[in-house]
Amino acid sequence: MTGQLIPTQFILETNPSAMRHSEPKPTHRIVLITNQSGKLNLNTASYLCSVGNVIILFENETYFFEGEVGFQYMYIDFKGLRSYELFRRFGINESNRIFSGLDGLIPLWMESLSRASKENIDLVSESILLYTFSKLNYVHEKYDSCVNKIIEITEEDFFEV
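Residues numbered from 1 in each chain as written. Predicted model: local features only at pLDDT ≥ 70, side-chain atom pairs only at ≥ 80, totals over all residues. Heavy atoms only, no water.

The next subject is the side chain of T27. Along the polypeptide, T27 turns up in the loop between α1 (16-19) and β2 (28-35). Among the residues examined, T27 registers a relative accessible area of 11% and is labelled buried. Once residues within four sequence positions are removed from consideration, T27 is found in contact with T8, F58, E59, D77, F78 and K79. (Helix = DSSP H or I, 4+ residues; strand = E, 2+ residues; numbered from the N terminus. Buried < 20%, exposed > 50% of the residue type's maximum accessible area, 1.4 Å probe, protein only. Contact = heavy atoms within 4.5 Å.)

See below:
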C-alpha cells in the first residue's frame, strides 16, 4: 500500500511580489511556467525558465522567481509519504528537477483550476499532480530514446570505420 499524497494548494501566480517571497515552505511544490520567461533563484544557483517548464521544489528549500513583464506560473503544493515514492520512481532529485517541453499541460492545468470548487479541489489537485508526474516519465523516456539512438548511430559509424 502506498502512503498519502496530500495537495495543499493549487494556484495561478500572477503577483510579482509573491514570486519574490523567499521563505522556506513546509511542502513540496510542482511549478508549471505558463507565460513569459523567468529565472528561478534557488540556493546559490539560478535557472532560466520558459513556458512549458515544470520545476520540482522540495520542502524547506528557499527560492524565488524573477520574470519578464507578464511572467506567470501555476503551482501545486503537496506533502505526504507518497511524494518521496514519486520522486524516487521518476528519478527526481536536486540535480534533476527541471523538465521542458510540457507546454501541452498548460490548458489542462488552467481548465482544471477554473473548474475546481471547494468540494473537489483536493481531487482536482491530486489528479493533475499525478498526471503531471506521469508526463515527466514520458519526458525521461523520450530523452532516453534520443540518447540511445545517438549511441546506436555512433556505435554503427565507429564499427564501420
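The backbone of N43 shows a phi angle near 55°, a positive value even though the residue is not glycine. The exposure class assigned to N43 is exposed, which follows from its relative accessible area of 58%. The backbone of N60 sits at a positive phi, close to 65°, despite the residue not being glycine. Within the secondary structure, N60 is located in the loop between β5 (54-57) and β6 (63-67). Classification of N60 as exposed rests on a relative accessible area of 54%.

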